[in-house]
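Observations on chain architecture
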Amino acid sequence: MTTSTTRAPAEVELAIGGMTCASCAARIEKKLNRMDGVTATVNYATEKAKVSYTGDVSVPELIATVEATGYTAREPEPEPARAGSGPGAEPAEAADELRPLRERLVTAVVLAVPVIAMAMVPALQFEYWQWLSLTLAAPVVTYAAWPFHKAAFTNARHGAATMDTLISVGTSAAFLWSLWALFFGTAGTPGMTHPFELTIARSDGAGNIYLEAAAGVTAFILAGRYFEARSKRKAGAALKALLELGAKDVTVLRDGREEQIPVGELKVGDRFLVRPGEKIATDGTVVEGTSAVDASMLTGESVPVEVGVGDAVTGATVNAGGRLVVEATRVGADTQLARMAKLVEDAQNGKAAAQRLADRVSGVFVPVVIALALATLGFWIGNGSGLTAAFTAAVAVLIIACPCALGLATPTALMVGTGRGAQLGILIKGPEVLESTRKVDTIVLDKTGTVTTGRMTLLAVHTADGTEESEVLRLAGALEHASEHPIARAVADGALEKLGALPTPEDFANIPGLGVQGIVDGHAVLVGREKLLAEWAMELPAGLARAKAEAEASGRTAIAVAWDGAARAVLEVADAVKDTSAEAITRLRALGLTPILLTGDNRAVAEAVAAEVGIAPEHVVAEVMPEDKVDVVKRLQDEGRSVAMVGDGVNDAAALAQADLGLAMGTGTDAAIEAGDLTLVRGDLRAAADAIRLARRTLGTIRSNLFWAFAYNVAALPLAAAGLLNPMIAGAAMAFSSVFVVGNSLRLRGFKAAS
């Protein structure tokens, strides 16, 4: 008999350090996936690798493979104490990680500005200006640019080339040549100047320095990296926002006494008290009391759920009505809220990181430039022109290829685009988001709080013959004003809006599960379910019965009103569709998107809302749980669609993270906002269409910037290879390409929201 020693499949999540761009993540992923029995996904944004492994592979071997690739890896340490009590620790840690980059950026900017000014303005070139330029540029090219040199070395060890390689090679070539020219050429002569003349002539390069190119490129690109890193650090905030939605403390009942403890100490089987307005501490079963529970932020169900003894309730939902005693059935990582946090994390890790276009182009451009520089060196040496002239031409090739405008291409367009977006109430998280907007062809819309207002509203009043609407609103509104139930609040608010003031009930009683009764201005008033009226031997007249049936068929809640022994009216309450939603759907279609309505509400409600805004019934997906929303998005993606998702609730967070493009309503929860790629500050769905248009326009600007940035370099490469590149032509070309890129980006300030 043989015994199998094959290990069962296991999963581990590694924290990865040292990545500077999306191609780093791709390289680590490639190395890990080459190991036997290993399937890995590396996410540049979250700096995590999710690894599934079988066979004889161990976690230390996985870590060793990552380290052999030139990066760091470790297993995230469990920190249970911090999870409950230290929300401030994470931002502080993130700030510490950004500090070195910020210090390098400040150093580069402060020192590079005078170097560039002296090189470009002959009037500033005093007798020993070149030596001051060297003194100022040296810390920029060494200390400030160190991350680029380090990344270039790592890339070279693995036979790869990215934008880091191009920056490192270009700035190093410019600086080292300047050193040679200053110490061994004629550039160090007192009184040497760079005259502003754009002549094309062969030069031995001994009198030319390129310190402004080395310092300027470093400063520009560090600025782009810093702002990118700042937005990237927020990638994991969705999980923190989700977990912080839960209650922090809970009142448990022990030996007949009430005792307040942290939620983390709650155990399965403990009974705890939930007062009106409080969050339910954890998943459990009601053992005492009745109430209405607002679960909309978790389930998307717009109508509060009536609960009583024996009913299950979910942690983080809000008790909107009476006093409840709940027995805990799930705590900690087993709760629905914790499972939803895991869904968001899985969706973020599984999302393919969009590689930056500059890195992809650099992967081809860098080897070509280096090959051209070597070919130029060989050609001029073989041509008998001398070693100095040959090196001048070869170094000129490397210098002109240095991406000054390329460093500005993405950050300037992104800065102007995001700034304009902020003015219009649209927040774009980073450059990776923009590529997704170009491809999306389907947009999934959450119903509650996105297409609709997300709150119960009085929509219609149907009265019996001889009954005035104002009288119905006065009596029913006064009675409902004394209730805490969300549907009662809708009736009371509707009555106050139309009448301005309501009388105070002389008597009031809440009938659990049925409605309310009381005395208002001497009238005995009943407001609630039809069953409540039946208990007082009252029936709805035919007209009101018909109105009630039609309201319920449309997914609305019908409330009967009676006083002085007769049924007088039926009120319709529902989650109202926003005034702008239908127009927004039309605009989204004009962008080539297919709208799909997705909701946890019942199908009748969903189809009624869809019909009102112009979405076909076959594009309605109703009665879905939060985890099912993720599955719906995945199914659409499996069909080959590129999916955008618009939502506002906790129940949407995982789907927003899973979608190719997540648009979060700024009026929603922090969890949804953090999980989304774009945030729509105003609660207007039309902003979704504006956001996609702006993001596409910004992406187009970045692409045109990148094209022209490379085009200027490529156009000047033949001159450099021919040894005809005057330093002022190099400087002017670099300055002009940068000015063009900035000017092109500034055109985004003219973007207007559709009126």
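Numbering of residues begins from 1 in every chain and follows the order in which that chain's sequence is written. The model is predicted, so local features are restricted to residues of pLDDT at least 70 and side-chain atom pairs to those at 80 or more, both for listing and for counting; the totals for chains, interfaces and linings are taken over all residues. Side-chain metrics rest on all non-hydrogen atoms present in the structure, leaving aside hydrogens and water.

Remarks on the sheet that holds strand β22 (residues 594–598)
The criterion, for reference: Whether two strands pair depends on DSSP finding at least two bridges between them. Counting from the N terminus, the helices are DSSP H or I runs at least four residues long and the strands are E runs at least two residues long.
With respect to topology, seven strands assemble into an open sheet ordered β14-β26-β25-β24-β15-β22-β23, the strand pairing being mixed. Among the strands making up the open sheet, the edge pair consists of β14 (426–428) and β23 (620–621). With two bridges joining them, β22 and β23 adopt parallel strand pairing. When the bridges of β23 are listed, leucine 598 appears paired with valine 621.

Some points on the pairing of strand β25 (residues 661–665)
Note the threshold: Only protein chains enter the area calculation, which uses a 1.4 Å probe; residues under 20% of their type maximum are buried, those over 50% are exposed, and those in between are partly exposed.
With five of five residues buried, β25 lies mostly within the body of the structure. Residue alternation in β25 divides its side chains into two sets, Leu661, Leu663 and Met665 and Gly662 and Ala664, and both sets are buried. As defined by bridge partners, strand β24 (residues 643–647) adjoins β25 across four bridges and the pair is classed as parallel. By the bridge assignment, methionine 645 is partnered in β25 with glycine 662. Relative to strand β26 (residues 678–680), β25 runs parallel, the two sharing three bridges. Looking across to β26, one finds that alanine 664 is bridged to threonine 679.

Quick notes on the packing of aromatic side chains
Aromatic rings in a pair are described by how distant their centres are and how their planes are angled relative to each other. So the rule is basically this: Geometry of aromatic contacts follows a simple scheme: Phe, Tyr and Trp rings, the Trp one being its six-membered ring, pair when their centres are within 6.5 Å, and the pair is stacked under 30 degrees between planes, edge-to-face over 60, tilted otherwise.
Under the criterion given, the structure shown has five aromatic pairs. Centroid distance tryptophan 131 to phenylalanine 183: 5.3 Å. Interplanar angle 75°. Geometry classified as edge-to-face. Note that tryptophan 131 is positioned in helix α5 (residues 129–144) and phenylalanine 183 in helix α7 (residues 163–183), a separation of 52 residues in sequence. Looking at tryptophan 131, the relative accessible area reads 27%, which means it is partly exposed. Judged by centre distance (5.6 Å) and plane angle (65°), the ring pair of tryptophan 708 and phenylalanine 740 falls under edge-to-face. Pair noted here: tryptophan 708 is in helix α26 (residues 686–721) and phenylalanine 740 is in helix α27 (residues 727–746), with a separation of 32 residues, a long-range link. Residue class for tryptophan 708 comes out partly exposed when judged on its relative accessible area of 38%. Its relative accessible area of 28% is what places phenylalanine 740 among the partly exposed residues.

Here's the deal with the sheet that holds strand β12 (residues 318–319)
The pairing of strands in a sheet comes from backbone hydrogen bonds and takes either a parallel or an antiparallel form. One open sheet accounts for three strands, arranged β10-β9-β12; its pairing is antiparallel. Pairing within the sheet leaves two strands with one partner each, and these edge strands are β10 (305–307) and β12. Of the strand pairs in this sheet, strand β9 (residues 291–294) and β12 are connected by two bridges, and their pairing is antiparallel. Bridging across to β12, valine 293 finds its partner in asparagine 319.

Topic: the environment of lysine 267
Note the following rule: Here, residues are in contact when the closest pair of their heavy atoms is within 4.5 Å.
Note that lysine 267 resides in the loop between β6 (257–262) and β7 (271–274). Given a relative accessible area of 53%, lysine 267 falls into the exposed group. Once residues within four sequence positions are removed from consideration, lysine 267 is found in contact with Ala328 and Val331.

A few points about the nonpolar core
The condition that has to hold: Definition of nonpolar core: a set of buried residues of the types Ala, Val, Leu, Ile, Met, Phe, Trp, Tyr and Cys, connected through side-chain atoms within 4.5 Å.
One finds Ile209, Leu211, Leu222, Phe365, Val369, Val397 and Leu717 to be the most contacted residues of the largest nonpolar core, which totals 54 residues. Here this core takes nine residues from helix α8 (residues 211–232), the largest share from any one element. Every residue in contact with valine 397, bar those within four places of it in the chain, is listed here: Val369, Leu372, Ala373, Thr376, Leu717, Ala720 and Ala721.

A look at the packing of α5 against helix α6 (residues 146–157)
The criterion, for reference: Axis angles are defined between N-to-C directions and span 0 to 180 degrees, where every axis is a line fitted to C-alpha atoms and, for a helix, only to the segment in contact. Our angle categories are set so that under 35 degrees counts as roughly parallel, over 145 as roughly antiparallel, 65 to 115 as roughly perpendicular, and the remainder as oblique. Classes in brief: Ala, Val, Leu, Ile, Met, Phe, Trp, Tyr, Cys and Pro nonpolar; Asp, Glu, Lys and Arg charged; the others, Gly included, polar.
In contact at an axis separation of 5 Å, α5 and α6 are set at 45° when each is read in the N-to-C sense. With respect to α6, the axis of α5 lies oblique. In this structure, α5 uses Val141, Thr142, Tyr143 and Ala144 to contact α6, whose residues at the interface are Trp146, Pro147 and His149. Among the residues making up the contact of α5 with α6, the classes are represented as five nonpolar, two polar and no charged.

Thoughts on the packing of helix α21 (residues 581–590) against α26
Axis separation between α21 and α26 bottoms out at 7 Å; the angle between their running directions is 25°. Between α21 and α26, the interaxial angle falls into the category roughly parallel. Together, Glu583, Ala584, Arg587 and Leu588 of α21 and Arg686, Ala688, Ala689, Asp690 and Ile692 of α26 make up the contact between the two elements.

Here's the deal with a nonpolar patch on the surface
Which entries qualify depends on this criterion: Here a patch means residues that are over 30% exposed by relative accessible area and free of salt bridges, tied together within 9 Å if like-charged and within 5 Å if nonpolar (Val, Leu, Ile, Met, Phe, Trp, Tyr). Using the Shrake-Rupley algorithm and a 1.4 Å probe, accessible areas are obtained, with residue cover drawn only from the displayed protein chains. Definition used for salt bridges: Asp or Glu carboxyl oxygen within 4 Å of a side-chain nitrogen of Lys or Arg.
There is a patch of nonpolar side chains on the surface, built from Phe126, Tyr128 and Leu132 and spanning about 280 Å² of accessible area. Counting through the fold element by element, phenylalanine 126 comes out in the loop between α4 (89–120) and α5. Judged by relative accessible area, which is 42%, phenylalanine 126 ranks as partly exposed.

Here's the deal with helix α20 (residues 542–553)
The criterion, for reference: A helix is expected to span 1.5 Å for every residue after the first. Directions from the helix axis toward the C-beta atoms define the arc.
Taking 1.5 Å per residue as the helical rise, α20 with its twelve residues ought to reach 16 Å, and the 16 Å between its terminal C-alpha atoms agrees with that figure. Listed as buried for α20 are Leu544, Ala547, Lys548 and Ala551. Down the axis of α20, the buried side of the element spans an arc of 100°, and every buried residue falls inside it. Along α20, the residues that are exposed and aim more than 90 degrees away from the buried face are Ala542, Arg546, Glu550 and Ala553. Next to the buried residues of α20 lie β16 (452–463), α19 (530–535), β20 (557–563) and β21 (566–577). Phi turns positive one or two residues past the end of α20, at glycine 555, with a value near 85°.

Notes on unusual backbone geometry
One non-glycine residue with positive phi stands out, namely aspartate 521, at about 50°. Mapped onto the elements, aspartate 521 comes out in the loop between β18 (515–520) and β19 (523–528). One non-glycine residue, glutamate 623, lies in positive phi territory at about 55°. Structurally, glutamate 623 can be placed in the loop between β23 and α23 (626–638).

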